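# Structural characterization, general
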Amino acid sequence: QVQLVESGGGLVQPGGSLRLSCAASGNILGIMGWYRQAPGKERELVASITSGGTTNYADSVKARFSISRDNAKNTVYLQMNSLEPEDTAVYYCNADVLSPSGRRYVPYWGKGTLVTVSS
């Protein structure tokens, strides 16, 4: 099984910045992304990136967050700037991994890292 390990979460003041990292145990050729889930809410897409570098962002973070990846290190990053209390959530790393059959991609999830934006 592929293991995804997130790091970089913590407590930050409003307006501050934080950088999340997600390292995969194996080579990832599919899309990687970041999702988040606040208490009482459904998990939502924050940003995603293809192996070729094409990105997609939620409207709420488009002007403030930046996703990137290092294919050689099988690592995806999320640079978060101008953080707001509404950004408080558990952030999960996601990766689409080619199945053993070699015909389909299977989603894998990290355990999550907590980001708290508060004074």
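Scoring rules and cut-offs
- Along each chain, residue indices are assigned from 1 in the same order as the chain's sequence is written.
- Confidence filtering applies because this is a predicted model: local features only for residues at pLDDT of at least 70, side-chain atom pairs given and counted only at 80 or more, and all residues used for totals across whole chains, interfaces and linings.
- Remark: hydrogens and water are excluded; side-chain values derive from all non-hydrogen atoms of the structure.
- The way it works is that DSSP assigns letters per residue, a run of H or I at least four long becomes a helix, a run of E at least two long becomes a strand, and they are numbered from the N terminus.
- Every radius of gyration here is taken over C-alpha atoms, with the globule rule written as 2.2 Å times N^0.38, N being the number of residues.
- With a 1.4 Å probe rolled over the protein chains alone, any residue whose accessible area is under 20% of its type maximum counts as buried; one over 50% counts as exposed, and the rest are partly exposed.
- Only strands joined by at least two bridges in the DSSP assignment are considered to pair.
- Lines fitted to the C-alpha atoms define the axes, with helices restricted to the stretch that makes contact. Angles between their N-to-C directions range from 0 to 180 degrees.
- What is meant by a nonpolar core is a set of buried Ala, Val, Leu, Ile, Met, Phe, Trp, Tyr and Cys residues, joined one to another through side-chain atoms within 4.5 Å.
- It only takes one pair of heavy atoms within 4.5 Å for two residues to be counted as in contact.
- Any pair of Phe, Tyr and Trp rings, taking the six-membered ring for Trp, is counted once the centres come within 6.5 Å. Such a pair is stacked with planes under 30 degrees apart, edge-to-face with planes over 60 apart, and tilted for the rest.
- Throughout this description, the term charge over a ring refers to an Arg CZ or Lys NZ atom that lies within 6 Å of the ring centre and within 35 degrees of the ring normal.
- Any carboxyl oxygen of Asp or Glu within 4 Å of a side-chain nitrogen of Lys or Arg constitutes a salt bridge here.

### Some points on the overall build of the protein chain
- Summing up its helical and strand segments, the protein chain has zero helices and 11 strands in all.
- The N-to-C order of helical and strand elements in the protein chain reads β-β-β-β-β-β-β-β-β-β-β.
- The C-alpha radius of gyration of the protein chain comes to 14 Å, within 12% of the 14 Å expected for a compact globule of 119 residues.
- Taken over the C-alpha atoms alone, the protein chain extends approximately 50 × 25 × 25 Å along its principal axes.
- In the protein chain, which comprises 119 residues, the proportion classed as buried is 41%.

### Some thoughts on the sheet that holds strand β1 (residues 4–7)
- Taken in spatial order, the four strands make up an open sheet running β1-β3-β8-β7, and their pairing is antiparallel. Each of the sheet's edge strands pairs with one partner strand only, and the pair in question is β1 and β7 (65–70). For this sheet the average axis-to-axis angle between neighbouring strands, irrespective of direction, equals 15°.
- Here β7 runs beside strand β8 (residues 75–80); their pairing, made up of six bridges, is antiparallel. Within β8, the residue paired with Phe65 across the bridge is Met80.

### Quick word on the nonpolar core
- Core analysis: the largest hydrophobic core is formed by 30 residues, its most contacted members being Trp34, Leu78, Met80 and Tyr91.
- Elements supplying a minimum of two residues to this core: β3 (18–24), β4 (32–37), β5 (44–49), β7, β8, β9 (89–98) and β11 (113–117).
- Top contributing element to this core by residue count: β9, with five residues.
- Excluding residues within four positions of it along the chain, Met80 makes contact with Gly16, Ser17, Leu18, Leu20, Arg64, Phe65, Tyr91 and Val115.

### Observations regarding the pairing of β11
- Of the two faces of β11, only the one carrying Thr113, Val115 and Val117 is buried; Leu114 and Thr116 on the other face are not.
- Pairing between strand β2 (residues 10–12) and β11: three bridges, direction parallel. For Leu11, the partnering residue across the bridge sits in β11 and is Thr116.
- Judged from the three bridges that link them, β9 and β11 form a sheet pairing that is antiparallel. Its bridge partner being in β11, Val90 is matched across the sheet by Leu114.

### Focus: the packing of aromatic side chains
- According to the stated counting rule, one finds one aromatic pair in the structure shown.
- Directly above the aromatic system of Trp109 lies the positively charged group of Arg43, at a separation of 4.7 Å from the ring centroid.

### Here's the deal with the pattern of salt bridges
- If you walk through the whole model with that rule in mind, you get four salt bridges.
- A salt bridge links Arg36 to Glu44, with the nearest nitrogen and oxygen atoms 2.9 Å apart.
- Relative accessible area serves as the criterion here: at 7%, Arg36 is assigned to the buried category.
- A salt bridge links Asp87 to Arg64; the nearest nitrogen and oxygen atoms lie 2.7 Å apart.

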